[in-house]
Amino acid sequence: MPPKKRKASANVAGAAKSGRASAASTPGPATPRDIDSSDDPGSPDEPAEDEEQIQKAVDRFSLAAYQDKSKRGPIDAASRYFGDNGKRDFSYLPLKPDSKSRPIWIDPQRGRIILENFSALAEQAKDFLITVAEPLSRPTFLHEYSLTPHSLYAAVSVGLQPQDIVNTLDRFSKTPLPESIVSFIRSCASSYGKVKLVIKDTKYFVESNDAEVLQKLLKDPVIGPCRVQGTDTVTSAPSMGGLVIPGTSNAAGVQQAQLRQGQQSENAQPEADEKPQPENPFDALREDDDDDNQEAVHAFEILDTSVEIVQKRCLDIQYPMLEEYDFRNDDRNANLEIDLRPATQIRSYQEKSLSKMFGNGRAKSGIIVLPCGAGKTLVGITAACTIKKGTIVLCTSTMSAHQWRQEFLKWSNIGPQDIAVFTADSKQKFPGNTGIIVTTYPMVTQSGKRAYDSQKMMDFLTGREWGLMLLDEVHVVPANIFRKVSHSIKSHAKLGLTATLLREDDKIQDLNFLIGPKLYEANWMELSEQGHIAKVQCAEVWCPMTTEFYDEYLRTKDRGLKQNLYVMNPAKIQACQFLIDYHENRGDKIIVFSDNVYALIHVAKALGRLFICGSTPNSERMDVLDNFMHNPLVKTVFLSKIGDTSLDLPEATCLIQISSHYGSRRQEAQRLGRILRAKRRSDEGFNAFFYSLVSKDTAEMYYSTKRQAFLVDQGYSFKVITQLAGMDKMENLTFKTPKDRRELLQKVIVDTEAKRPLEDGDPTDDLFYTAGGRRKKRGVRRTAGTLGELSGGQDMAYIEQRKGANKALKKKPGKSAFFKKIGREKQRMKDLATQEE
Ligand SMILES: Nc1ncnc2c1ncn2[C@@H]1O[C@H](COP(=O)(O)OP(=O)(O)OP(=O)(O)O)[C@@H](O)[C@H]1O
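One structure accompanies this document, and this report is about it. Just so it is clear, the structure is predicted and the values come from calculations on it, not from any experiment. (Residues numbered from 1 in each chain as written. Predicted model: local features only at pLDDT ≥ 70, side-chain atom pairs only at ≥ 80, totals over all residues. Heavy atoms only, no water.)

Details of helix α28 (residues 699–713)
Piece 1. Here α28 is 15 residues long and its end C-alpha atoms lie 22 Å apart, about the 21 Å a rise of 1.5 Å per residue gives.
Piece 2. A bend of about 30 degrees at Arg707 is the largest found in α28.
Piece 3. In the stretch just after α28, Gly715 is the one whose phi turns positive, near 105 degrees. (Helix = DSSP H or I, 4+ residues; strand = E, 2+ residues; numbered from the N terminus. Expected span 1.5 Å × (residues − 1). Bend = angle between axes of the 7 residues up to and from the residue.)

Structure follows, in structure tokens:
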């Protein structure tokens, strides 16, 4: 963070002399007026009193000026403490006179923004920053955001103009806005949002309210020929007026409910002429924006077959196309009878996320990021209730497809016959001319020959136009799957939902353009403070390796054995036993996670608890989970990684992780998500617990730190526990004697050499898969990549691929002649068999 130093205070003092430091020198909390007031030195409509001084300052903090050392502040003895050999020392930036009441610092080189979360204006600044920048880290006092081309693309997509962004940032900033930042925003945002892809009457139109931009596109050698001749139109843009998102305080049903309440309690009755005040300067900007929508809109039609070519070309020439659906003027597609049930009221953050989607009266495609258990399903359902057209929902597993259908029936008034599920076991359609289909990614992206009824169902899905496509858990699905989905199924608007948009393998950028920009990302800590998700105490328990195990760990070169040794460390098993005992006695229900199936089975058996892993039959899984939920005697269940997602156990209040997937931040977050929805979260003083057990002085410590990065950025802090008080006095503690530990060591060595199952060999990621031969033929699998990817060394959490990919990864790029021959031979045998049939 840029430190406040001598030079800065000199500026404040100087300004105070000129009578302009009132905000800085007046005690008491700042108000929004502090920022809006005309004595804002950065505001464009202020008196030009300090212009010269500011200009000088601006000159000094442009990137070029920074590189020109003569214009840079002196590097002093302390500068080297500010990173990169003093390059991150920004104390040369002059502070605005009232900088104390302004909440943000901006790094002129990298576009990083530091927010003082303790500032009186932090709430307003956060609302704005979440729209224009990517949140990187949001712990208690200081938040870090980054301005990126994608974040600016997202900002433009919700209706902000580059000048709005510059002005508002400047208002919040403690220093005048660096020129490098101003030009970055202008250059990124000026072309973004200019071009839209709109479907009208099932025809694709390229639309812009800037005729010059459209001319430029038409002259482009790639885009020009894609235009359908004689289709150019000029219309006026629709206004936001009249659009009400159901379930919000504006929705008619809710207003009536409030009125009824008001009649009962006079205090609760809102003033008839009371006008909602804009929450902050940013809101005021957005309100103004709505007026601008009345401009003329120019458009030309393109062929369906050229959509991707045009999309790609627009991206290449820096005019990414926003997808918008003017659903209120779509008379061609039948309206769906659907609304939220009168009692359903969406929460403020759900409303905020949806207002980003429907900000200008149309449905914008994009991604909404909410923590696990925060109610993404209801956000999707409300979007469907707003658009009221045919909807297709894509989920990661059969179980969640059925859950989605249940949730639709629970929260909305959709007729049960109008919502159907398309999975391997169910191929229903809706009887009317519109409705909802819930399906899974593998069902619609499967290649190869399909069964007759599946093919018929696919023809049904691809042969019609959908109003909305809801994409659940977008982070796990590779870009090529999305490409396939959006090619085969035509939908006007796409809404991606996820809790952890973690994917630094570049595929995240593909999502940005294949689905749309990130429209909203909620703050985990805020939601937990408000009681929407559980408060969690996180701890990392350091378990010293026992002497026998550590000797072997240091001696062996076998990575597999090393891993088994730190996972099966007897001290870790003892810690697990102690924690289970402690929390069971407190009345908690506990999930113990272990990726390592060998450890899962052995530890669960050693501690006499139930377990579920990939090879557990479906009926047994259901039994175990049923007992866990309803049987007071079953307080603990051991789960392999198949329980990371798709698992709704609101009874669980404590998690213990004994082995995990290397440095996977996403797995850590998903696992934490299992207790965020704890039923008891609203109880007074309730806390859920998340323990990660790591063997001290082993590679596991490194992975553990890496895994926690995402949660730490969300504001969680991990306490380190080096000793569990009272553990050594525990009766029946396992592996207490050296003899027991030596025996365990021998067993681990022998089993590792004999290659007993170490990882969960089951290919399914669906906890509720159908056991049997057919399972192998369908579905995506969660599988490992190269070792570097696995270790999280490339910041990759999981790759979700089709089954053959794992083998392919292990192979060298070119397939050897031998394997090619075997492949050909197999194919020949298959063909022969088919002919004989
Ligand atoms: N507005 C609301 N009012 C009441 N309950 C709600 C609301 N929104 C969500 N919930 C409840 O919160 C719980 C979690 O919702 P949901 O399953 O949609 O979470 P999620 O974000 O999809 O979680 P995950 O990422 O773990 O799948 C559900 O029990 C749901 O009924």
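From this point, the narrative continues.
Considering unusual backbone geometry
Piece 1. Despite not being glycine, Asn732 has its phi angle at roughly 60 degrees, a positive value.
Piece 2. Structurally, Asn732 is set in the loop between β24 (718–721) and α29 (738–753).
Piece 3. Judged by relative accessible area, which is 65%, Asn732 ranks as exposed.
Piece 4. With a phi close to 50 degrees, Phe735 is a non-glycine residue in the positive phi region.
Piece 5. Relative to the elements of secondary structure, Phe735 occurs in the loop between β24 and α29.
Piece 6. With a relative accessible area of 17%, Phe735 lands in the buried category. (Buried < 20%, exposed > 50% of the residue type's maximum accessible area, 1.4 Å probe, protein only.)

Here we look at the sheet that holds strand β2 (residues 112–116)
Piece 1. Taking strand neighbours across the sheet as the criterion, the 4 strands line up as β1-β2-β4-β3 in an open arrangement whose pairing is antiparallel. Each edge of the open sheet is held by one strand with a lone partner, namely β1 (104–106) and β3 (134–137). Across this sheet, the average inter-strand angle for adjacent strands is 30 degrees, counted without regard to direction.
Piece 2. Bridge count between β3 and strand β4 (residues 142–146): 3 bridges; the pairing is antiparallel. Note that in β4 the partner of Pro135 across the bridge is Tyr145.
Piece 3. Across the sheet, helix α6 (residues 122–132) lies against β1, β2, β3 and β4, angled at about 155 degrees from β2, the strand it touches most. (Pairing = 2+ DSSP bridges. Axes fitted to C-alpha atoms, helices over the stretch in contact; angles between N-to-C directions. Contact = heavy atoms within 4.5 Å.)

Digging into the packing of aromatic side chains
To describe a pair of aromatic rings, one takes the distance between the centres and the angle between the planes.
Piece 1. Applying the stated criterion across every chain, the model contains 12 aromatic pairs.
Piece 2. Summarising the aromatic geometry, the rings of Phe430 and Phe460 are spaced 5.3 Å apart at their centres and angled 65 degrees between planes, so their arrangement reads as edge-to-face. Taken together, the positions of Phe430 in the loop between β13 (419–422) and β14 (436–440) and Phe460 in helix α18 (residues 452–462) put the pair 30 residues apart, joining distant regions of the chain.
Piece 3. Overall, Phe430 belongs to the buried group, its relative accessible area being 4%.
Piece 4. On the basis of relative accessible area, Phe460 is assigned to the buried category, the value being 17%.
Piece 5. Its guanidinium or amino end placed over the ring of Trp466, Arg464 lies 5.6 Å from that ring's centre, counting from NZ or CZ.
Piece 6. The ring of Tyr553 carries Lys562 above its face, with NZ or CZ at 4.5 Å from the centroid. (Phe/Tyr/Trp six-rings, centres within 6.5 Å; stacked < 30°, edge-to-face > 60°. Lys NZ or Arg CZ within 6 Å of the ring centre and 35° of its normal.)

Section: the site of the ligand
Piece 1. In the region of the ligand, 16 residues are neighbours, and Gln350, Gly373, Lys376, Thr377 and Arg677 sit closest.
Piece 2. Between the ligand and Arg347, the relevant distance is 3.3 Å, taken from a nitrogen atom to a side-chain nitrogen or oxygen of the residue.
Piece 3. Within the side chain of Lys410, an N or O atom sits 3.4 Å from an oxygen atom of the ligand.
Piece 4. For the ligand, the accessible surface in isolation is 640 Å², of which the surrounding protein chains cover 78%.
Piece 5. Breaking the shell around the ligand down by element, the ones donating at least two residues are α15 (376–387) and α16 (398–411).
Piece 6. For the shell around the ligand, the element with the highest residue contribution is α15, accounting for 3 residues.
Piece 7. Of the residues belonging to the shell around the ligand, the class tally is 6 nonpolar, 5 polar and 5 charged. (Near = heavy atom within 4 Å. Polar contact = N/O pair within 3.5 Å; in protein donor to acceptor, adjacent residues only side chain to side chain. Areas by Shrake-Rupley, 256 points an atom, 1.4 Å probe, with all protein chains shown as cover. Nonpolar A, V, L, I, M, F, W, Y, C, P; charged D, E, K, R; others polar.)

Describing the pattern of salt bridges
Piece 1. Enumeration over the complete set of coordinates arrives at 27 salt bridges.
Piece 2. Two residues, Asp210 and Lys194, come together in a salt bridge whose shortest N-O distance is 3.8 Å. Remark: Lys194 occurs in the loop between α9 (179–191) and β5 (196–200) and Asp210 occurs in the loop between β6 (203–208) and α10 (211–219); sequence separation between them is 16 residues.
Piece 3. Where Asp588 meets Arg586, a salt bridge forms, and the shortest distance between an N and an O atom there is 2.6 Å.
Piece 4. Residue classification places Arg586 among the partly exposed positions, given a relative accessible area of 42%.
Piece 5. Taken together, the shared-partner salt bridges connect Glu134, Arg138, Lys518 and Glu521 into one network. (Salt bridge = Lys/Arg side-chain N within 4 Å of Asp/Glu carboxyl O.)

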